[in-house]
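If you want the building blocks of each chain, they are given just below.
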Amino acid sequence: MSVNRFWIHRKKTLGPGLKQMDIEAPEIAAKAKPGQFIILRTYENGERIPLTIADLDLGKGLVTIIFQEVGRSTLDLGMMEEGNYLTDFVGPLGRPSEIEHFGTVVCVGGGVGIAPVYPITRALFEEGNQVISIIGARNANQVILKDEMERVSQSLIMVTDDGSGGEKGLVTDPLRQILNKIKVDRVVAIGPLGMMKAVSQLTLEFGVPTIVSLNPIMVDGTGMCGACRVEVGGKTRFACVDGPEFDGHQVDWELAQQRSRMFLAQEKVATESGGGECGCRR
Amino acid sequence: MPEINYVRELMPTQDPAVRVTNFTEVALGFNPETAIKEAQRCLGCKKAPCSKGCPVEIDIPAFIQLIQKNDFSGAIAKIKEKNTLPAVCGRVCPQESQCEKLCILGKKGEAVGIGRLERFAADFEMKQDQTVVVKSAPSSGRKVAVVGSGPSGLTAAADLCLMGHEVTVFEALHTPGGVLVYGIPEFRLPKDIVGREIAAIEKMGVTIRTNMVIGKIYTLDELLNSGYDAIFVGTGAGLPYFMNIPGENLNGVYSANEFLTRANLMKAYLFPDHLTPIALGEKVAVIGGGNVAMDAARTALRLGAKESYIVYRRTEKEMPARREEVEHAHEEGVQFRFLTSPTEIVGDEAGWMKGMTCLRFELGEPDASGRRSPVPIKGSEYFMPMDTVIMAIGQGPNPLVPETTPDMETNRWGNIIADESTGCTSKTAVFAGGDVVTGAATVILAMGAGKKAARAIDVYLKTLG
């Protein structure tokens, strides 16, 4: 088989358990659009991990991914270093974001969800939208891409759960203030399911169209297996090919949360089985 | 003239009680003595009706005669003139409804075990250092892209390569083979064997690029514009169907595609050495009666399910699965619930399924497929406690290529419309075959389609001057 291995051009630690990698994949870099994702396997026995694309470097043919180490597979990925190769890297997958001149847009990124919201924010900004960005995280150490987001927004608001960076509170706090004050034409929200749900409920009150990006459990990412099914507007959709972006007001959030827990027991086994005897990774 | 022997040699198999605890192959294959004995049953009919039943046109009496003469290398070389995946076909072809169905011996007794002999010859070759590499024609200077590395794509690729064309196969997953690697279980078709047959195709000169989702990374038009003179699309039946009944999205409900992909491609049976898991309960129901359903039910037992059921709305007689697969499932303890179909999957507070409401059926008039159609019996609902449900009611064509190729016609189910004898589509230079055209069928029919399309593509390329 023709060997296609994917070189880790650069690795950066962005915060505790938060890592960025620039992967050499020129064909994907040339083709990918904001909102799309890739699937990678770190090594031969690894899981297929879906990650939304955070940035592209067309000149160097690089695709940037940002991930949080939450279980065995992301911990293993995080142990890869610059100069190492990933076994598999496939994309671009999913449908691109709708980028148009909407008017005033609020882009909301929560935690590691700031990474996928960034290229969408940039594209909306470049399209001439008035962009207000809200980024939030547990604490100041977990805030990523603040400078990048600032550069592509007319204004940026940062919030943290503990007040260690920006204002203390949730992303929905400043969002409610904005919605009370000005007319917003569109909201894009990416982050934990709970955050996207809360944002969607809030914007529904104000009747503002809201796009969310779902990251359910996937296997192939090409519509072949249906592991990633979600319900949107009462209809079953496959997030990998019909999404990952959907109308936040139509998503069945309870189902999405329930399905995200389908393999919790196995994930625990996998995490405990890895990391060597020293327990250095726990 | 030796006496006609109407009884075929038995295929040795792993004991059911043992094999249900492992993923190693069920059928163990003939040894040389048995193979020769079985080959000697062949009458060597001049008209060779068997060959007419073979979608890839193998000269069956010729290879069997070589086995009779102890010339196993000759036998495999003869098969490989027509078939690039003999070890695969010898295992998973429904020979009983193709070549063996037409065997003269079958009229009074048992047909020659053609599939078993094909497998024997292929396995014999794999044990040797030297493998037969069929020589390609001189280079034509033409480039062909093959989309999908399943049975139809691999066959088209190998044949086009032999005709002297430069062939690149694009595979969406990380391992080539399509349904041979993600769908058919290890215990029926060892992945090592698939890998070797694919390696032999690469050795012929075919390039395989994995991790390439055509429709996403490149459209068909982009491939044509980047220097490919023709394209064969063999993207298979990569869209799982669900029943559209309440509760299908509860935790514990899988499509057969997901369940089998996790088990086969991702090797979940080796979890956590291989990191992709399967969450499986003690009681597993597989809905459907085809080969995929049998594979899923048997896989569930091997993964530790205490009870594995096939739930099918008609009777055993109407099941589309191969006889042999059904027998193996019976032997291994799979339980069958015929004339039964779920109307709802019922869940608990946490969103996990705990059972299904089923309806009983009786057989009515024959339908379009000629099979008697199941009619629900009013008021026959009952609850079947169950931990896991696997939907194996069929697959549709994967839409990624058609939806990015607006000038290629599809039918109302999304199948690409292609000429049966050439694979010709409505789009110039694009040919298609296999499940994406016919709907979910068999490995060998897809291979036959790949073969016909390769011939048509060769003719087309010659018209380019």
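Remember, predicted model here, so these are calculated numbers, not experimental data. (Residues numbered from 1 in each chain as written. Chains lettered and ligands numbered in written order. Predicted model: local features only at pLDDT ≥ 70, side-chain atom pairs only at ≥ 80, totals over all residues. Heavy atoms only, no water.)

A. Here's a closer look at the overall build of chain A. Of regular secondary structure, chain A possesses nine helices and 16 strands. Each principal axis of the C-alpha distribution contributes one length, and for chain A these read about 55 × 40 × 35 Å. Within chain A, residue pairs in contact and separated by at least 24 positions form 64% of the contacts whose partners lie at least 6 positions apart. Of the roughly 11600 Å² of accessible surface on chain A, 49% is carried by carbon and sulfur atoms. Of the charged side chains in chain A, 30 are positive and 35 negative, and the gap between their average positions amounts to 2 Å. (Helix = DSSP H or I, 4+ residues; strand = E, 2+ residues; numbered from the N terminus. Contact = heavy atoms within 4.5 Å. Areas by Shrake-Rupley, 256 points an atom, 1.4 Å probe, with all protein chains shown as cover. Lys, Arg positive; Asp, Glu negative; His and termini not counted. Charge placed at Lys NZ, Arg CZ, Asp CG, Glu CD.)

B. Local environment of the overall build of chain B. The helix and strand tally for chain B stands at 17 helices and 16 strands. On C-alpha atoms alone, chain B measures out to a radius of gyration of 23 Å, which is about the 23 Å that the 2.2 N^0.38 rule sets for 465 residues. Structurally, chain B occupies a C-alpha span of about 65 × 60 × 50 Å along its principal axes. Here chain B holds 465 residues, and 59% of them are scored as buried. Looking at chain B alone, contacts between residues at least 24 apart form 69% of all its contacts between residues at least 6 apart. Seen as two clouds, the 50 positive and the 55 negative side-chain charges of chain B have centres 5 Å apart. (Rg over C-alpha atoms; globule rule 2.2 N^0.38 Å. Buried < 20%, exposed > 50% of the residue type's maximum accessible area, 1.4 Å probe, protein only.)

C. Main features of the pattern of salt bridges. A complete count under the given rule lists 47 salt bridges over all chains for this structure. A:Arg95 serves as the salt-bridge partner of B:Glu403, at 3.9 Å between the closest nitrogen and oxygen. Within this pair, whereas B:Glu403 is found in helix α15 (residues 400-403), its partner A:Arg95 is found in the loop between β7 (88-93) and β8 (104-110), the two belonging to separate chains. A residue is classified by how much of its surface remains accessible, and B:Glu403, at 43% relative accessible area, is partly exposed. Overall, A:Arg95 belongs to the partly exposed group, its relative accessible area being 37%. Of the charged contacts in the structure, one is a salt bridge between B:Arg91 and B:Glu25, with a shortest N-O distance of 2.6 Å. (Salt bridge = Lys/Arg side-chain N within 4 Å of Asp/Glu carboxyl O.)

D. A look at the packing of aromatic side chains. Residue and element names in this part refer to chain B. A complete count under the given rule lists eleven aromatic pairs over all chains for this structure. Their ring planes at 80° and their centres at 6.0 Å tell us that phenylalanine 170 and tyrosine 228 sit as a pair that is edge-to-face. You can see phenylalanine 170 sitting in strand β2 (residues 166-170) and its partner tyrosine 228 sitting in the loop between α11 (220-225) and β4 (230-233), a full 58 residues away along the chain. Owing to a relative accessible area of 3%, phenylalanine 170 belongs among the buried residues under this scheme. Between phenylalanine 336 and phenylalanine 338, the aromatic rings sit 5.5 Å apart at their centres with planes inclined by 20°, giving stacked as the arrangement. Put simply, the rings of Phe23, Phe187 and Tyr269 touch in pairs and so form one group of aromatic residues. It is lysine 143 that lies over the ring of tyrosine 228; its NZ or CZ is 4.7 Å from the centre. Positioned above the aromatic ring of phenylalanine 187 is the side chain of arginine 302, whose terminal nitrogen or guanidinium carbon lies 3.7 Å from the ring centre. (Phe/Tyr/Trp six-rings, centres within 6.5 Å; stacked < 30°, edge-to-face > 60°. Lys NZ or Arg CZ within 6 Å of the ring centre and 35° of its normal.)

E. Geometry of the nonpolar core. Core analysis: the largest hydrophobic core is formed by 77 residues, its most contacted members being B:Ile60, B:Phe63, B:Ile64, B:Ile67 and B:Leu117. Take this core: its biggest share by element is eight residues, from helix α17 (residues 443-463) of chain B. Grouped together as the second largest cluster of nonpolar side chains are 53 residues, A:Ile157, A:Val184, B:Ala285 and B:Leu400 included. (Core = buried A, V, L, I, M, F, W, Y, C linked by side-chain atoms within 4.5 Å.)

F. Structural view of the interface of chain B and chain A. On the chain A side, the residues contacting the 49 residues of chain B number 50 residues. The junction of chain B with chain A conceals about 4100 Å² of combined surface from both sides, 54% of it contributed by carbon and sulfur atoms. Its largest share of buried area at the contact with chain A, chain B owes to B:Lys216, B:Asn249 and B:Leu275, together 19% of the area lost on that side. If you look at where chain B meets chain A, you find three salt bridges. Two residues, B:Arg209 and A:Glu27, come together in a salt bridge whose shortest N-O distance is 2.7 Å. (Buried area = accessible area lost by both parts, 1.4 Å probe.)

G. Local environment of the sheet that holds β7(A). Residue and element names in this part refer to chain A. Pairing is antiparallel across the open sheet formed by seven strands, whose spatial order is β6-β1-β2-β5-β4-β3-β7. Each end of this open sheet is capped by a strand with a single partner; those strands are β6 (85-86) and β7. The pairing of strand β3 (residues 37-41) with strand β4 (residues 49-57) spans four bridges and is antiparallel. Within β4, the position partnered with isoleucine 39 by the bridge is proline 50. Helix α3 (residues 114-126) rests against β4 and β5 (62-68) of the sheet, and its axis sits at about 40° to β4. (Pairing = 2+ DSSP bridges. Axes fitted to C-alpha atoms, helices over the stretch in contact; angles between N-to-C directions.)

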